[in-house]
Amino acid sequence: MAEPPGLRDERGEGAPGAPAPASPCLADNRLNLDVYPDGCGHFLQLLERHRGDLARVEFVRLSSNDRLLGTALGALPLLRSLKSLVLKGGHARDEFGSRRPGSLTSLPPDFGNLRCLTHLDLSFNRLSTLPSCIPHLRSLRVLLVNHNSLEALPEDFGCLSKLTFFSAMRNQLKGLPRSIGELAALQDLYLSENALEYLPEEVGNLHSCTELDLSGNRLANIPDSLANLKCLRRLHLHSNLLVTVPASLASLPNLSRLDLQNNRLRAVPPEIQTSPFVRLRGNPLGESEPSPRPDEPSARSLQRLFLASGEDSFTVTSEGCRVFLDCGICFCFPPGAASVPLCVHFRTLEPDPRWVKLRHHDVLLSPVLELQPHGLEFQQEVEIWMPFASPQTLQQREVVVRTFSGQSWSDLRTKVGQRKKSKKHVACCSVLHFSWFLVVSRLVENECKVPAEGTLLFSSVDPDIKVVFPPGVTEETRSVKLQVLPISAEEIEEITADTGCRASPLLCLSQDCPADFLRPVRIQLPLPLGVTGLNLDRSRLRLLHGDLQGQTWDDITSQVVLEFTHLYAIFEVTHFSWYWLWYTTKTYIGGIAKKVYERLRMYQVNFIALQRKKDPEQVLLQCVPKHKVDPVLKKLQDRYRGPEPSDMVEMFEGEQFFAAFERGISIDMDRPDCVDGRLSFIFYSHLKNMKEIYVTSPVDRKGQAVKGQVSFYRGAVPESVPEEASRRRKGPDSLWLATLPIKLPRLKSRSGDNSSPLNGFSFPPLNLGNAETGYLTQANLLSIARRVGGDWQTIGLNLGFSYQQIERIGYNHREDLDKQILDMLFSWAKQNSEDPNCVEKLITAMKESGRQDIADEIEAIIELGRQKYRESIRRVGLEQESSTEDSATAMV
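Thresholds applied
- Within every chain, residues take consecutive numbers counted from 1 along the sequence as written.
- Per-residue local features are limited, in this predicted model, to residues with pLDDT of at least 70; the limit for side-chain atom pairs, both in listing and counting, is 80 or more; totals at the level of whole chains, interfaces and linings are taken over all residues.
- To get the side-chain values, all heavy atoms of the structure are used, and hydrogens and water are removed first.
- Each helix is a run of H or I in the DSSP string that is no shorter than four residues. Each strand is a run of E no shorter than two, and both are numbered from the N terminus.
- Buried means the residue's accessible area, taken with a 1.4 Å probe over protein chains only, is under 20% of the maximum for its type, while exposed means over 50%, and partly exposed covers the values in between.
- Only heavy atoms enter the contact rule, under which two residues are in contact if any of them lie within 4.5 Å.
- Residue-level accessible areas treat just the shown protein chains as cover; the underlying method is Shrake-Rupley with a 1.4 Å probe.
- Note on pairing: DSSP must find at least two bridges between two strands before they are called paired.
- A pair is scored as a salt bridge if a Lys or Arg side-chain nitrogen falls within 4 Å of a carboxyl oxygen belonging to Asp or Glu.
- Think of a patch as exposed residues, more than 30% relative accessible area, with no salt bridge, where like charges cluster within 9 Å and nonpolar side chains (Val, Leu, Ile, Met, Phe, Trp, Tyr) cluster within 5 Å.
- Note on charges: Lys and Arg go in the positive column, Asp and Glu in the negative column, and His and the chain ends are not counted at all.
- One atom stands in for each charge, and that atom is NZ of Lys, CZ of Arg, CG of Asp or CD of Glu.
- Axis definition: a line fitted to C-alpha atoms, over the contacting stretch in the case of helices. Angles run 0 to 180 degrees between N-to-C directions.
- Pairs of N or O atoms within 3.5 Å make up the polar contacts considered here, provided that, within protein, one atom can donate a hydrogen while the other can accept it, and that residues adjacent in sequence are counted only when both atoms are side-chain atoms.
- Residues enter a nonpolar core if they are buried and are Ala, Val, Leu, Ile, Met, Phe, Trp, Tyr or Cys, with the set joined through side-chain atoms within 4.5 Å.
- Geometry of aromatic contacts follows a simple scheme: Phe, Tyr and Trp rings, the Trp one being its six-membered ring, pair when their centres are within 6.5 Å, and the pair is stacked under 30 degrees between planes, edge-to-face over 60, tilted otherwise.
- In this scheme, Lys NZ or Arg CZ marks a charge over a ring once it lies within 6 Å of the ring centre and within 35 degrees of the ring normal.
- By the definition adopted for this analysis, an angle is roughly parallel if under 35 degrees, roughly antiparallel if over 145, roughly perpendicular if from 65 to 115, and oblique otherwise.
- The hand of a helix crossing depends on one turn: near helix anticlockwise from the far one by less than a right angle means left-handed, and clockwise means right-handed.
- Gly is put with the polar residues, along with every residue not named as nonpolar or charged; the nonpolar set is Ala, Val, Leu, Ile, Met, Phe, Trp, Tyr, Cys and Pro, and the charged set is Asp, Glu, Lys and Arg.
- In this context, the arc is that of the directions from the helix axis out to the C-beta atoms.

**Q** Report on the overall build of the protein chain, specifying residues and quantitative values.
**A** In terms of regular secondary structure, the protein chain is built from 14 helices and 49 strands. Per-residue burial for the protein chain yields a buried fraction of 53% across its 892 residues. In the protein chain, the share of contacts with a sequence separation of at least 24, taken over all contacts with a separation of at least 6, comes to 61%. About 40900 Å² of surface is accessible on the protein chain, with carbon and sulfur atoms providing 49% of the total.

In structure tokens form, the structure reads like this:
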């Protein structure tokens, strides 16, 4: 939850990510110490040395993760002029990356004497009851207690007669006091993701309320008195247990959004069902109540939740449920998996090769799925179904779900299936705790336990490949894995340009014990194709041993005893790694084997750069495997035009590359994926390596067109790039891959077009959001407005405008599309500038309107703001730490 209206984080006059002062001194009447590692200690020092100066302080921020918080709490009531106090936790994180709650469990009674206090934020702490002093803060207008453990609110909560904003998201509230109806000034009430089972009738007395969020609770019904909330604009009731809703809700005059998704509604009053602002997805509408059958699987009787695009959490109860995400991911929580109501958060992440480590010959088939809370163990296994891009063949490979523990990745036991309707492939795994998950295709892995008595292991890909472990080979049982990579004679001939070269399948052996075996292990490999024991020329046969990374290949033919049958070669080893049998006239085969091995890991790809026909400034860049180029271009040809694809180049799975616009064309906005002026990409053969961005030119395009280009460059080049790939690079930059032309047409001048970018509109400066979550500025909104086009009416409706308002905007500017867009967008921004969730709502509206491209642009702006804010925190933290050490030295 962002900061409340009018009281956002005050760092550097509202500039996104601007740091607090370098030393803990007063900034006007504000004291921001929550970004310092020892903020409470500095506060106590200031109080001791400059008590008079603190008398004028009105705004204080401290971290409740601070070790001196208890001492600082005793001194805070001395600040009689205090208007805003933030004591949030969550500044520290655990080993899984989750926020650590603060240590705050209560407040001293004399906090009730802070007569000027209007804003109090106690989020991310350990409160189990609301401190008794809070109802005595009669001037309090804004109260946030999100992410605590509150089970109830006090009966005298209604004494806060001036309260306009109250948020208690993600607590454990089971009910509300009747006195809540006495909060006559309350405008925003956020109670999502609690355990509410009922609402008192007195909720209907909140006549000033404009937004009410009760999503993610256990409400089976809601009182009819909600129809008395005549000022209500947005009512969120999704992810509850509702079986009915009052028809009178449809008569609320200002209601622009009623979210009833993911409940148990089998019938809805016609007045509600036909309303354009109602969301009903995920309800069993029209279905009859199922009669339980003793032989029916329990999963079929579970509640079903269907989450819409933009939602990022849901609540699981002890009854269990089945959850279906908009992206195709599904979960099955059996009854009893969660002993108490649990809020599950999810998000999909782009794979980053810095922490998503693929093994050789792995193919990534899905984005990364993160599920929280991390580390929490369920009482029963939870099933996760993840859709994945279907690889070309599964005959010699297998699909597995891989999970990250925070330290390393491991493969889970996986079932693979295909959905009947969509024909999409899905991978299923069962887990007891949540972390990060992805789907990969790997070489088929055969595994066995090797006891002291010995055993036999053979490949399911090629049963002629066998490994025999004799008795006494080990003292303690160890686990052994076998993988095989078949290679055709055509591939060998193409790579080596030698028709006489032949090779057996590649064999990789690994074990979970670092020690060698006590006795030699017997390995059987088939002879290379076309070679038999009858025509074998032993002088041409080479047995190669490679390290696990395939970087060095040693000829060990003279170090082992090779036996031959009509079809097989047999030898003994005590150490496991890669083994490869070659038949060739070449004397030095190690270098050739390395070259072939590396080429087997590379993909032949082409780059494409296309421009939208209706908006040439919108450019689509994509790296496409060679065999997919024609289908991709055919799919895009109706909306895009551009040059022919680039020449073929070779890339590794997970390799980084960059795109740079050149010769008068540049990127239109600052992006988090922009490195030194180049856009960063990661190539994954089965994922869409695509970005759609907006470009511009400093040239006055009203007078001329701009003929520019986009060039693609390698990132950090792997050491094992074959020489052939290196020789294909051209140009002055040794990492250059390809260049494609981009042309921006000449703009047509409008008659009398001397207006400002706002086309005559005048609004005060806008900063939507806050420093922690990132800002959207007036300039950002102007950039967004340029992209909206004819979709502005749909976007406006999804932002909450009524049909009448949209028609009025269209009529007022009936001959100017730009003014229609600007009027709609900036009117919404002005009305929602104090809404802490306004940016998220804008992104959701864009997605619901089918404008994922604009949603991506907004998210990129926000992510950049977050990065700048985090960098400022780290920078200020380091400076403060240094300053503290210097002070300590001076005192000594």
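**Q** Explain the pairing of strand β38 (residues 618-625) to me, and be specific about the residues and the numbers.
**A** Looking along a regular strand, one sees side chains alternate from face to face of the sheet. Among the eight residues that make up β38, eight are buried, leaving the element largely enclosed by the rest of the structure. Neither face of β38 is exposed, since Gln-618, Leu-620, Gln-622 and Val-624 on one face and Val-619, Leu-621, Cys-623 and Pro-625 on the opposite face are all buried. Relative to β38, strand β37 (residues 602-612) runs antiparallel, the two being bridged by seven bridges. Residue pairing across strands places Leu-610 opposite Leu-620, the latter belonging to β38. Counted between consecutive antiparallel strands, the loop separating β37 from β38 contains five residues.

**Q** Please provide a residue-by-residue account of the pattern of salt bridges, values included.
**A** One pass over the structure, following the stated rule, counts 26 salt bridges. A salt bridge links Lys-83 to Glu-58; the nearest nitrogen and oxygen atoms lie 3.8 Å apart. Pair noted here: Lys-83 is in the loop between α3 (69-75) and β3 (84-88) and Glu-58 is in the loop between α2 (51-54) and β2 (59-63), with a separation of 25 residues, a long-range link. For Lys-83, a relative accessible area of 35% gives the class partly exposed. Between Arg-714 and Glu-655 there is a salt bridge, with the nearest N and O atoms lying 2.6 Å from each other. Here Arg-714 is found in strand β46 (residues 706-714), whereas its partner Glu-655 is found in strand β41 (residues 655-662), with 59 residues between them in sequence. Each member of the pair, Arg-714 as well as Glu-655, is classed as buried.

**Q** Pulling in residues and values, what's your account of a negative patch on the surface?
**A** Together, Glu-490, Glu-491, Glu-493 and Glu-494 give the surface a local cluster of negative charge. Within the element layout of this structure, Glu-494 appears in helix α5 (residues 489-496).

**Q** Just give me the short version of the sheet that holds strand β22 (residues 415-418), but keep the residues and values in it.
**A** Backbone-to-backbone hydrogen bonds join strands into a sheet, with any given pair of strands oriented parallel or antiparallel. With mixed pairing, six strands are arranged side by side in an open sheet as β12-β14-β15-β19-β23-β22. On the outer flanks of this sheet lie β12 (303-306) and β22, each paired with one strand and no other. Strand-to-strand, the axes of this sheet are offset by a mean angle of 20 degrees, without reference to chain direction. Here strand β14 (residues 321-324) pairs with strand β15 (residues 330-333) via four bridges, running antiparallel. Note on β15: the bridge partner recorded for Arg-322 is Cys-332.

**Q** Would you mind going over the environment of Ala-152 in detail, with residue names and values included?
**A** Structurally, Ala-152 can be placed in the loop between β5 (142-144) and β6 (165-167). Between the C-alpha atom of Ala-152 and that of Leu-130, which follows or precedes it by 22 residues, the distance is 7.9 Å.

**Q** For the side chain of Asn-606, give the residues involved together with the corresponding values.
**A** Looking at the secondary structure, you find Asn-606 in strand β37. Since its relative accessible area comes to 9%, Asn-606 is described here as buried. Among the polar contacts listed, one links the side chain of Asn-606 to the backbone oxygen of Ser-646, at a separation of 2.8 Å. With near-sequence residues (within four places) excluded, Asn-606 lies in contact with Gln-622, Cys-623, Val-624, Lys-626, Val-629, Pro-645, Ser-646, Asp-647 and Met-648.

**Q** Pulling in residues and values, what's your account of the nonpolar core?
**A** Core analysis: the biggest nonpolar cluster contains 75 residues, and Ile-134 and Phe-166 have the highest contact counts within it. Broken down by secondary-structure element, the contributors of at least two residues to this core are α1 (39-49), β2, α3 and β3. Excluding anything up to four places from it in sequence, Ile-134 contacts Leu-107, Leu-120, Leu-122, Leu-140, Leu-143 and Leu-160.

**Q** Give me the sheet that holds strand β44 (residues 678-683): which residues, what numbers.
**A** As summarised here, the arrangement of the five strands in space is β43-β44-β41-β46-β47, forming an open sheet in which the pairing is antiparallel. For this open sheet the edge positions go to β43 (674-675) and β47 (736-744), each flanked by a neighbour on one side alone.

**Q** Describe the environment of Glu-572, and please don't skip the residues or the numbers.
**A** Assignment of secondary structure puts Glu-572 in strand β35 (residues 568-573). A residue is classified by how much of its surface remains accessible, and Glu-572, at 40% relative accessible area, is partly exposed. Sequence separation between Glu-572 and Val-468 is 104 residues; the distance between their C-alpha atoms is 9.4 Å. For Glu-572, the residues in contact, after removing those within four places along its chain, are Pro-520, Val-521, Arg-522 and Val-560.

**Q** Give me the packing of aromatic side chains: which residues, what numbers.
**A** Both the distance between ring centres and the angle between the ring planes are used here to describe each pair of aromatic rings. The tally for this structure, following the rule as stated, stands at 28 aromatic pairs. Between Phe-331 and Phe-333, the ring centres sit 6.3 Å apart and the planes meet at 45 degrees, which makes this aromatic pair tilted. Residue classification places Phe-331 among the buried positions, given a relative accessible area of 2%. Pairing Phe-469 with Phe-576 gives two aromatic rings, centres 6.2 Å apart and planes at 65 degrees, and the pair type is edge-to-face. Of the two residues, Phe-469 sits in strand β27 (residues 466-469) while Phe-576 sits in the loop between β35 and β36 (578-583), which places them 107 residues apart along the sequence. Here the aromatic cluster, defined as three or more aromatic residues joined through ring pairs, consists of Phe-314, Phe-331, Phe-333, Phe-346, Phe-378 and Phe-434. Arg-478 extends its terminal NZ or CZ atom over the ring of Phe-517, reaching a point 4.4 Å from the ring centre.

**Q** Any details on the packing of helix α9 (residues 778-788) against helix α12 (residues 817-832)? Residues and values, ideally.
**A** Between α9 and α12, the shortest axis-to-axis distance is 10 Å and the interhelical angle comes to 140 degrees. Put simply, α9 runs oblique to α12. The handedness of the crossing between α9 and α12 comes out as right-handed. Facing α9, whose interface residues are Gln-778, Leu-781, Leu-782, Ile-784, Ala-785 and Val-788, α12 presents Ile-821, Leu-822, Leu-825, Phe-826 and Ala-829. For the contact of α9 with α12, the class distribution of residues is ten nonpolar, one polar and no charged.

**Q** For the packing of α5 against helix α6 (residues 590-600), give the residues involved together with the corresponding values.
**A** In the contact formed by α5 and α6, the axes pass within 10 Å of each other and the chain directions differ by 115 degrees. Of the possible angle classes, the one that applies to α5 and α6 is roughly perpendicular. In the packing of α5 onto α6, the handedness of the crossing is right-handed. Where α5 approaches α6, its residues Glu-491, Ile-492, Ile-495 and Thr-496 are matched on the opposing element by Ile-592, Lys-595, Val-596, Arg-599 and Leu-600. Partitioned by chemical class, the residues of the contact of α5 with α6 number five nonpolar, one polar and three charged.

**Q** Tell me about the environment of Leu-735, and please be specific about residues and values.
**A** As for its placement among the helices and strands, Leu-735 is situated in the loop between α8 (723-728) and β47. Sequence spacing of Leu-735 and Arg-714 is 21 residues, and the spatial spacing of their C-alpha atoms is 5.2 Å.

**Q** Break down helix α7 (residues 629-636) for me, citing the residues and quoting the values.
**A** When we look at burial in α7, the residues that qualify are Val-629, Val-632 and Leu-636. Projection of α7 onto a plane perpendicular to its axis shows the buried side chains occupying an angular sector of 70 degrees, all on one side. Residues of α7 that are exposed and point over 90 degrees away from its buried face: Asp-630, Pro-631, Lys-634 and Lys-635. Turning to α7, the residues buried within the fold contact β37, β38 and β39 (640-641).

None of the figures reported here should be taken as evidence of function without further support.
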